Amino acid sequence: MRNLRQGRSARVTISDVGAAAGVSASTVSRVLNGTAKVDPSLAARVHDAVRQLGYRPNAAAQGLARGEWGTIGVLVPNLANPYFPDVLKAVSAVARSHGRRVMVMESDDDPSIEHDLVEDLMRSCDGVLLCSSRLERSDLVVLTARDHPLVLLDRIVPGIAAPAVSADFFGGMMLICGHLAQLGHRRVAYLSGPEVSWANAERIRALEAAKAFGISVTILPCGSTSRAGYDAAAEVAGTGATALTTYNDLVALGAVTRMRELGVRVPEDLSVVGFDDIALDHVAHTSLTTVSVPRGQLGRQAAEMLEALMTEGHDGEPVSLPMELHVRDSTAPPHC
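Residues numbered from 1 in each chain as written. Predicted model: local features only at pLDDT ≥ 70, side-chain atom pairs only at ≥ 80, totals over all residues. Heavy atoms only, no water.

Trainee: Can you break down empty space enclosed by the protein residue by residue, with the values?
Mentor: Going through the model one piece at a time under the given rule, you end up with 2 cavities of 30 Å³ or more. As a volume, the largest cavity reaches approximately 170 Å³. In terms of lining residues, the largest cavity is bounded by 16 residues, among which Asn81, Phe84, Ser132, Arg134 and Tyr247 are the most central. Class assignment of the residues belonging to the lining of the largest cavity gives a composition of 6 nonpolar, 5 polar and 5 charged. Taken as a whole, the second largest cavity holds about 40 Å³ of empty space. Around the second largest cavity sit Ile72, Val91, Val94, Ala95, His98, Arg100, Ala303, Leu306, Glu307 and Met310, which together line it. At the level of elements, α5 (84-97) and α12 (295-312) are the ones that each hand at least two residues to the lining of the second largest cavity. (1 Å grid on protein atoms, 1.4 Å probe; cavity = no way out; pocket = protein on both sides within 12 Å on 5 of 7 lines; lining within 4 Å. Points joined across faces, edges and corners; volume = space filled by probe spheres on them. Nonpolar A, V, L, I, M, F, W, Y, C, P; charged D, E, K, R; others polar. Helix = DSSP H or I, 4+ residues; strand = E, 2+ residues; numbered from the N terminus.)

What follows is the structure, given as C-alpha cells:
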C-alpha cells in the first residue's frame with residue numbers, strides 16, 4: 001500500500017483511500033457503507049487506508065446509501081424555556097455516539113402547527129423525539145400509524161404505539177403538597193400552565209388528590225413564562241391562600257417579583273413553590289423551593305429509546321422518572 005500522506009490535499013477523498021488501498025472508489029464505498037459483501041482482504045486494505053490517511057466518511061452520504069438520513073429530529077414547544085437545553089444536550093450526545101446528527105425545531109407553544117412540524121421532521125429524519133407535545137390524542141394516533149420511529153418525552157399516552165419517557169409530574173406535585181401540608185398550609189393557590197399541556201393536567205390531578213392532606217386548592221389560569229407569573233400574581237391575594245405553587249420555576253419567579261412590588265413578603269406572608277429546578281433563583285433573589293428530575297437522564301433515556309426503535313424496532317413500556325423535592329428559603333409555616 002502506498003502512502004499518500006505526503007503531498008496530498010488537506011481534505012482526503014474516497015478516491016485517495018481507493019488509490020492507497022489499490023481498489024476502486026466504489027469498492028471503498030461498499031466497504032464503508034456496508035451495502036454489499038466485499039472480499040475480507042480488500043475490506044482490510046480499505047480500513048487500513050482509512051486509518052492511515054485519517055479519512056472521515058460523510059455520515060449523511062453513508063446514511064443515504066443505506067436508505068437513512070443519519071439524523072434524528074427533536075421538536076420542543078419553546079427553545080426559550082431553560083428546561084430544554086440539558087435535555088437537548090443529552091440527546092445530542094447520544095446521537096453523536098451512534099453517528100447521528102440532531103435537527104431541532106420548536107412549535108412556539110402552538111399546538112396548531114405541531115402536527116405539520118412533526119411531519120416535516122419525519123420526511124427528513126430517521127426518527128423523531130417529540131418533547132412535551134400539546135397534540136390531541138387523535139393526532140398522535142395518526143402520527144404513530146405512519147410506522148416512523150417516534151418517541152414521546154414528557155408525555156405518556158396509554159394505548160399509543162410509541163415509546164415514552166417522562167418526569168413523574170403527578171408525583172412531583174404530590175411531594176410539593178406534602179411539604180406544604182407538613183408546614184401547616186391548608187389553602188393553596190396554583191398558577192396553572194398551558195391548558196393543552198399534559199404535564200399541567202398531571203399537576204392538577206395531583207392537586208385534586210392532595211385533598212387527602214387537608215389542602216384546599218384554587219386554580220388560577222396563568223401560563224409558562226415569568227411574565228405570565230408576574231401578571232397573574234395579583235390574583236393570588238383574593239384566594240386567601242397562604243402558599244402558592246406554580247406550573248414551573250419561571251412562573252414562580254415572575255410571581256415573586258410581583259409579590260414584592262405589592263409588599264407581600266416571601267415566605268413570611270406567602271410561601272412559594274416552583275417546579276423543574278431551572279436554577280434561575282438569582283433573577284428574583286430568592287432561593288426557590290421546587291422539584292426536579294435529572295434532565296440529562298431524561299434526554300439520554302429518550303434518545304436511547306429512539307435509537308433502539310430505529311435499529312431494533314424495540315418498543316417497551318412507558319418510563320416515568322421520579323422527581324426530587326428541594327426545600328429552600330421560599331417556604332415556611334403560615335404566618336399567624
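There's plenty left to go through after this.
Trainee: Tell me about the packing of aromatic side chains, and name the residues and values.
Mentor: Considering all chains together, one arrives at 3 aromatic pairs under this definition. Where Tyr83 meets Phe84, the ring centres are 5.4 Å apart and the plane angle is 85°; that geometry is what we call edge-to-face. Plain terms: the ring middles of Phe169 and Trp198 are 6.0 Å apart, the flat faces sit at 75° to each other, and that makes the pair edge-to-face. Placement of the pair is Phe169 in helix α8 (residues 169-183) and Trp198 in helix α9 (residues 198-209), with a sequence separation of 29 residues. Residue Phe169 is classed as buried on the basis of its relative accessible area of 3%. Sitting over the face of the ring of Phe275, Arg203 holds its NZ or CZ atom 3.9 Å from the ring centroid. (Phe/Tyr/Trp six-rings, centres within 6.5 Å; stacked < 30°, edge-to-face > 60°. Buried < 20%, exposed > 50% of the residue type's maximum accessible area, 1.4 Å probe, protein only. Lys NZ or Arg CZ within 6 Å of the ring centre and 35° of its normal.)

Trainee: Go over the pattern of salt bridges with me, naming the residues and quoting the values.
Mentor: A complete count under the given rule lists 14 salt bridges for this structure. In this structure, the salt-bridge partner of Asp109 is Arg134, at a minimum N-O distance of 3.3 Å. Taken together, the positions of Asp109 in the loop between β2 (101-106) and α6 (111-124) and Arg134 in the loop between β3 (127-131) and α7 (137-144) put the pair 25 residues apart, joining distant regions of the chain. Under the relative-accessibility criterion, Asp109 is labelled partly exposed at 29%. Residue Arg134 is classed as buried on the basis of its relative accessible area, which comes to 8%. The salt bridge partner of Asp276 is Arg203, with a shortest N-O separation of 3.8 Å. One end of the pair, Asp276, is in the loop between β9 (271-273) and β10 (290-292); the other, Arg203, is in helix α9, with 73 residues separating them in the sequence. You'll find Asp276 and Arg203 in the same group, each marked buried. (Salt bridge = Lys/Arg side-chain N within 4 Å of Asp/Glu carboxyl O.)

Trainee: Talk me through helix α1 (residues 14-21); I want residue IDs and the actual numbers.
Mentor: For α1, the set of buried residues is Asp16, Val17, Gly18, Ala20 and Ala21. Backbone geometry just downstream of α1 places Gly22 in the positive-phi region, at approximately 75°.

Trainee: Residue-level account of the environment of Pro221, with values.
Mentor: Tracing the backbone shows Pro221 in strand β7 (residues 216-221). Separated by 11 residues in sequence, Pro221 and Ala232 place their C-alpha atoms 7.7 Å apart. What Pro221 contacts, discounting residues up to four positions off in sequence, is Ser192 and Ala232. (Contact = heavy atoms within 4.5 Å.)

Trainee: Please provide a residue-by-residue account of the nonpolar core, values included.
Mentor: Core analysis: the biggest nonpolar cluster contains 45 residues, and Leu129 and Met173 have the highest contact counts within it. In terms of residue count, the dominant contributor to this core is α12 (7 residues). Apart from the residues lying within four places of it in its own chain, the contact partners of Leu129 are Gly73, Val74, Leu75, Val91, Val151, Leu153, Ala302 and Leu306. Membership of the second largest hydrophobic core comes to 18 residues, among which are Leu244, Val251, Val256 and Leu270. (Core = buried A, V, L, I, M, F, W, Y, C linked by side-chain atoms within 4.5 Å.)

Trainee: Requested: an account of the packing of α1 against helix α3 (residues 40-53), with residues and values cited.
Mentor: Axis separation between α1 and α3 bottoms out at 9 Å; the angle between their running directions is 120°. For the element pair α1 / α3, the angle class is oblique. The hand of the α1/α3 crossing is right-handed. Residues Asp16, Val17, Ala20 and Ala21 of α1 lie in contact with α3, whose contacting residues are Arg45, Val46, Ala49, Val50 and Leu53. Here the residues of the contact of α1 with α3 sort into 7 nonpolar, no polar and 2 charged. (Axes fitted to C-alpha atoms, helices over the stretch in contact; angles between N-to-C directions. Parallel < 35°, antiparallel > 145°, perpendicular 65-115°, else oblique. Left-handed = near helix turned anticlockwise from the far one by under 90°.)

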